[in-house]
Amino acid sequence: MTAPVPDHPVGDAFATVAGHPDVVDQLRAAAGRPVHAYLLVGPDGAGAAGAARAFAAALLCRDGGCGHCRDCRLALAGDHPDALTFAPEGAFLRMSDAEEIARAAARSPLEGDRKVLILTDFHRVQRVGPALLKTIEEPPDTTVFVVVADSIPPELVTIASRCVRVELAPVPEAELVELLVAGGADPGDSQVAAQAAGGSVERARLLVGDTGLAGRREAWARAPERLDGSGAAACGVAAELLGLVEAAAEPLRRAHAEEEAALQERAEATGERGGGRAQLEASQRRALRRHRSEELRFGLATLAGRYRDQLATAGPELAALLGALDAINAAAAALVRNPNETLLLQALLVRLPPLPERQPPGFLGRSVPQGAGSDQNG
Ligand SMILES: [Zn+2]
């Protein structure tokens, strides 16, 4: 299904949804005659949350998402009275959240003839799923659900079957570089940021201005050199790495402060006050949580890369290296279930085999051309 491309950019509300032209086409076409529920599925930060806001704008705007009318502006800012966002406050959705969603779905729109309920982080729906099924599959005609999830765990399968599904794939590295360079970033910085972004446009944009990235990668890559199988070494390294993860959120916190200032300015200029602040705070908390898990995943991928580099020259230690890679993969998978990160990392590091200090490329007699080694931190 491909939507006709309009001569003039009617769908400007989608301008912020980068790297997913097919998704934009699909949502733009759907906004004209929406069904009761959509499910946007994509890994952390692939842009599903932004796509959901743009879609809400297109659903509420008279012109299908012009991007500049009042409806568009408020919906894009997450501040429209008829575009409500719900997210699990804690690790999982509670029954009280489900009740609130059901009540909101039943209420009439406040301003226009349609309301949009955006349900984010719905992979964390857990046992509340069945309680919401009826609400999502048969809302009032005026309500459109936009469900957003990183993935579809078993608890979400039934709800997913009642929604039109829209998939957001991770954005390929080359496209991320293109987007960053088009935005005015240095090509070299863009390459480094794209490599560490895990297919996420948001994360790539954040990393391209992040001067601490190279240092963090180096710290994760060198972690195995500091391990000795003891709990003390593992705890020390884990604490240091988690400190870096925490500090890495600084650019995001600065961006959040700017968002708050912009919201304040808008409230003063228009005299509008609503759930805007609470919604912004909730979405910022989610962004910080997502940033944290993306940073950890990036760190674990860097760590895995270090062990993988050893495979080619491995002798009897091959089994230990493969075991290390399995353990790192398992830890990365466990992050999705929102465990205690400190314990997770300590438990991982204590069982990883120490590695010798990394030597310059070519040192081990491998045929690595000068300057083309794996060390790209410079
Ligand atoms: Zn508009």
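Conventions adopted
Residues numbered from 1 in each chain as written. Predicted model: local features only at pLDDT ≥ 70, side-chain atom pairs only at ≥ 80, totals over all residues. Heavy atoms only, no water. Helix = DSSP H or I, 4+ residues; strand = E, 2+ residues; numbered from the N terminus. Buried < 20%, exposed > 50% of the residue type's maximum accessible area, 1.4 Å probe, protein only. Contact = heavy atoms within 4.5 Å. Phe/Tyr/Trp six-rings, centres within 6.5 Å; stacked < 30°, edge-to-face > 60°. Pairing = 2+ DSSP bridges. Axes fitted to C-alpha atoms, helices over the stretch in contact; angles between N-to-C directions. Salt bridge = Lys/Arg side-chain N within 4 Å of Asp/Glu carboxyl O. Donors = N, O, S within 2.8 Å, 3.2 Å for Na, K, Ca; no water. Tetrahedral: all angles 85-135°; square planar, octahedral: opposite > 155°, others 65-115°. Right-handed = clockwise from strand over helix to strand, strands pointing away. Parallel < 35°, antiparallel > 145°, perpendicular 65-115°, else oblique. Nonpolar A, V, L, I, M, F, W, Y, C, P; charged D, E, K, R; others polar. Arc of directions from axis to C-beta. Lys, Arg positive; Asp, Glu negative; His and termini not counted. Polar contact = N/O pair within 3.5 Å; in protein donor to acceptor, adjacent residues only side chain to side chain.

**A short note on the overall build of the protein**
If you tally the helices and strands in the protein, you get 15 helices and 5 strands. Burial status across the protein gives 46% buried among its 378 residues. Summarising the internal contacts of the protein: among those between residues at least 6 apart in sequence, 73% fall at separations of at least 24.

**Some remarks on the packing of aromatic side chains**
Tallying each qualifying case throughout the model produces 1 aromatic pair. Seen from their ring centres, Tyr38 and Phe55 are 5.0 Å apart, and the 85° between their planes marks the pair as edge-to-face. Pair noted here: Tyr38 is in strand β1 (residues 37–41) and Phe55 is in helix α2 (residues 48–60), with a separation of 17 residues, a long-range link. Here Tyr38 falls in the buried class, since its relative accessible area comes to 3%. Exposure remark for Phe55: the relative accessible area of 0% places this residue in the buried category.

**Looking at the sheet that holds strand β5 (residues 164–167)**
Strands sit in the order β2-β3-β4-β1-β5 across an open sheet of 5 strands; the sheet is parallel. With one partner strand each, in any of the chains shown, β2 (83–86) and β5 form the two edges of the open sheet. Strand-to-strand twist of the sheet, defined as the mean angle between neighbouring strand axes without regard to direction, takes the value 20°. Sheet analysis places strand β3 (residues 115–119) next to strand β4 (residues 143–149), joined by 5 bridges and oriented parallel. Paired with Leu117 across the two strands is Phe145, which belongs to β4. Sheet strands touched by helix α4 (residues 95–106): β2, β3 and β4. Its angle to β3, the strand with the most contacts, is close to 165°.

**As for the pattern of salt bridges**
Tallied over the full model, the rule gives 19 salt bridges. Where Arg226 meets Glu240, a salt bridge forms, and the shortest distance between an N and an O atom there is 2.9 Å. Of this pair, Arg226 sits in the loop between α10 (213–222) and α11 (231–248) while Glu240 sits in helix α11, placing them 14 residues apart in sequence. Residue Arg226 is classed as partly exposed on the basis of its relative accessible area, which comes to 39%. Overall, Glu240 belongs to the partly exposed group, its relative accessible area being 40%. Note that Glu246 is salt-bridged to Arg253, the shortest N-O span being 2.9 Å. A relative accessible area of 31% places Arg253 in the partly exposed class. Several salt bridges share partner residues, and in doing so they unite Glu246, Glu250, Arg253, Arg292 and Glu341 into one network.

**Focus on the coordination of the zinc ion**
Taken together, the protein ligands of the zinc ion are Cys61 (SG), Cys66 (SG), Cys69 (SG) and Cys72 (SG), with distances of 2.3 to 2.4 Å. Given 4 donor atoms and angles of 104 to 114° at the metal, the environment of the zinc ion is assigned as tetrahedral. Judged by its relative accessible area of 0%, Cys72 is buried.

**A short note on the pairing of β3**
The buried fraction of β3 amounts to 5 of the 5 residues, a majority that puts the element mostly inside the structure. The two faces of β3 match: Lys115, Leu117 and Leu119 on one face and Val116 and Ile118 on the other face are all buried. Here 4 bridges tie β2 to β3, and the two strands are oriented parallel to one another. Looking at β3, one finds that Ala83 is bridged to Val116. Remark: the β2/α4/β3 crossover connection has right-handed handedness. Crossover connection from β3 via helix α5 (residues 129–137) to parallel β4: handedness right-handed.

**Some points on unusual backbone geometry**
Of note, the phi angle at Asp121 is positive, near 55°, even though the residue is not glycine. On the secondary structure map, Asp121 appears in the loop between β3 and α5. When its relative accessible area of 15% is taken as the criterion, Asp121 is described as buried. Unusually for a residue other than glycine, Gln126 sits at a positive phi of about 45°. The class for Gln126 is partly exposed, based on a relative accessible area of 31%.

**Here we look at the packing of helix α14 (residues 318–335) against helix α15 (residues 341–351)**
Helix-helix packing is characterised by the crossing angle of the two axes and by the distance between the axes. The N-to-C vectors of α14 and α15 enclose an angle of 175°; their axes lie 10 Å apart at closest approach. Here α14 lies roughly antiparallel to α15, going by the angle between them. Contact with α14, carried on its side by Gly323, Ala327, Ile328, Ala331, Ala334 and Leu335, involves Glu341, Leu344, Leu348 and Arg351 of α15 and no other residues of that element. Taken together, the residues that form the contact of α14 with α15 break down as 7 nonpolar, 1 polar and 2 charged.

**A look at helix α7 (residues 173–182)**
Among all positions of α7, only Leu176, Val177 and Leu180 are buried. Burial along α7 is one-sided: seen end-on, the buried residues are contained in an arc of 100°. In this structure, α7 carries Ala174, Glu178 and Ala182 as exposed residues pointing more than 90 degrees from its buried face. In this structure, the buried side of α7 is in contact with α8 (187–195) and α9 (201–207). Following α7 by one or two positions, Gly184 has its phi on the positive side, about 100°.

**Re the side chain of Asp71**
Here Asp71 is to be found in helix α3 (residues 70–76). Of the side chains with opposite charge, Arg70 comes closest to the buried, unpaired Asp71, at an N-O distance of 4.2 Å. Of the polar contacts made by the side chain of Asp71, one reaches the side chain of His80; its length is 2.7 Å. Excluding residues that lie within four positions of it along the chain, Asp71 makes contacts with Leu60, Cys61, His80 and Glu111.

Honestly, it's all geometry; don't read function into it.
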